[in-house]
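Each chain, letter by letter, is given below.
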Amino acid sequence: MRQYGKNAYGIELSPAVLEKECPDLLSKKYVEAGILTNLPYEDNSFDLVMSSDVLEHIDPSEADAVGSSFTQASFFVYFSEKQWSSKR
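Remember, predicted model here, so these are calculated numbers, not experimental data. Just so you know, the residues in each chain are numbered from 1, in the order the chain's sequence is written. Totals for whole chains, interfaces and linings use all residues, but because this is a predicted model, local features are given only for residues with pLDDT of at least 70 and pairs of side-chain atoms are given and counted only at 80 or more. Based on all heavy atoms of the structure, the side-chain values leave hydrogens and waters out of the count.

Participant: It is not clear to me how the overall build of the protein chain should be interpreted in this structure. Could you clarify?
Facilitator: Going along the chain from the N terminus, every DSSP run of H or I of four or more residues is numbered as a helix, and every run of E of two or more is numbered as a strand. For the protein chain, the helix and strand inventory stands at three helices and four strands. For the protein chain, the proportion of its 88 residues judged to be buried stands at 17%. We call two residues in contact whenever any of their non-hydrogen atoms come within 4.5 Å of each other. Nonlocal contacts in the protein chain, meaning residues at least 24 apart in sequence, comprise 59% of its contacts between residues at least 6 apart. The rule is simple: take the accessible area with a 1.4 Å probe, protein chains only, and divide by the maximum for that residue type; under 20% is buried, over 50% is exposed, in between is partly exposed.

Okay, here's the thing in structure tokens:
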């Protein structure tokens, strides 16, 4: 998104993943450690909130809290999840 001139920020649960996979983004404060049930952003801070391959890792007991945390988007929320099958 940044290469297209858009402001973009992100969170990752694991600080170790951030340090290993994207230290440059971490040092620029474009990404930070965070958790979906307590996002570090004010309501309506973003036009778009995107979640990709995350929600399948949420414990069902936290689903309502996670869903209500996406109030940071003033316009659009986008989710992309993997298709799961019980057949292997």
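Participant: How do you make sense of the layout of surface pockets when you look at a structure like this?
Facilitator: A water-sized probe, rolled over the atoms, reveals where empty space remains. In the cavity and pocket records, a cavity denotes points on a 1 Å grid over the protein atoms alone where a 1.4 Å probe fits but cannot get out, a pocket denotes an open set with protein on both sides within 12 Å along at least 5 of 7 lines, and lining residues are residues with an atom within 4 Å of a point. Grid points are joined across faces, edges and corners, and a volume is the space filled by probe spheres set on the points. Of the voids in this model, the largest pocket is the one considered here, and its volume is about 1200 Å³. Around the largest pocket sit 36 residues that line it, and Y9, G10, I11, M50 and S51 are the ones nearest its centre. Elements with a contribution of two residues or more to the lining of the largest pocket: β1 (10-12) and β3 (46-52). A total of seven residues in the lining of the largest pocket trace back to one element, the largest contributor, which is β3. Partitioning the lining of the largest pocket into residue classes produces 20 nonpolar, nine polar and seven charged. Under the grouping applied here, Gly and all other residues not named as nonpolar or charged are polar, the nonpolar ones being Ala, Val, Leu, Ile, Met, Phe, Trp, Tyr, Cys and Pro and the charged ones Asp, Glu, Lys and Arg.

Participant: Would you mind showing me how to read the environment of A73 here?
Facilitator: Mapping A73 onto the fold places it in strand β4 (residues 73-80). Considered as a pair, A73 and F46 are 27 residues apart in the sequence and their alpha carbons are 4.8 Å apart. Those residues in contact with A73, other than ones at most four positions away along the chain, are N44, F46 and V49.

Participant: Before we go on, may I ask you to explain the packing of aromatic side chains in this structure?
Facilitator: In this description, an aromatic ring pair is defined by two values, namely the gap between the centres and the angle between the planes. Whether two aromatic rings pair depends on their centres lying within 6.5 Å, for rings of Phe, Tyr and Trp, where Trp uses its six-membered ring; planes under 30 degrees apart make the pair stacked, over 60 edge-to-face, and the rest tilted. Enumeration according to the criterion identifies three aromatic pairs in this entry. Geometrically, the ring pair formed by Y9 and F46 is tilted, given 6.4 Å between the ring centres and 50° between the ring planes. You can see Y9 sitting in the segment before β1 and its partner F46 sitting in strand β3, a full 37 residues away along the chain. By relative accessible area, which is 43% here, Y9 ends up partly exposed. Classification of F46 by relative accessible area gives buried; the value is 19%. An angle of 85° between the planes, with centres 5.0 Å apart, marks the rings of Y41 and F46 as edge-to-face. Assigned by exposure class, Y41 and F46 land together as buried.

Any functional reading would require information beyond the geometric quantities listed.
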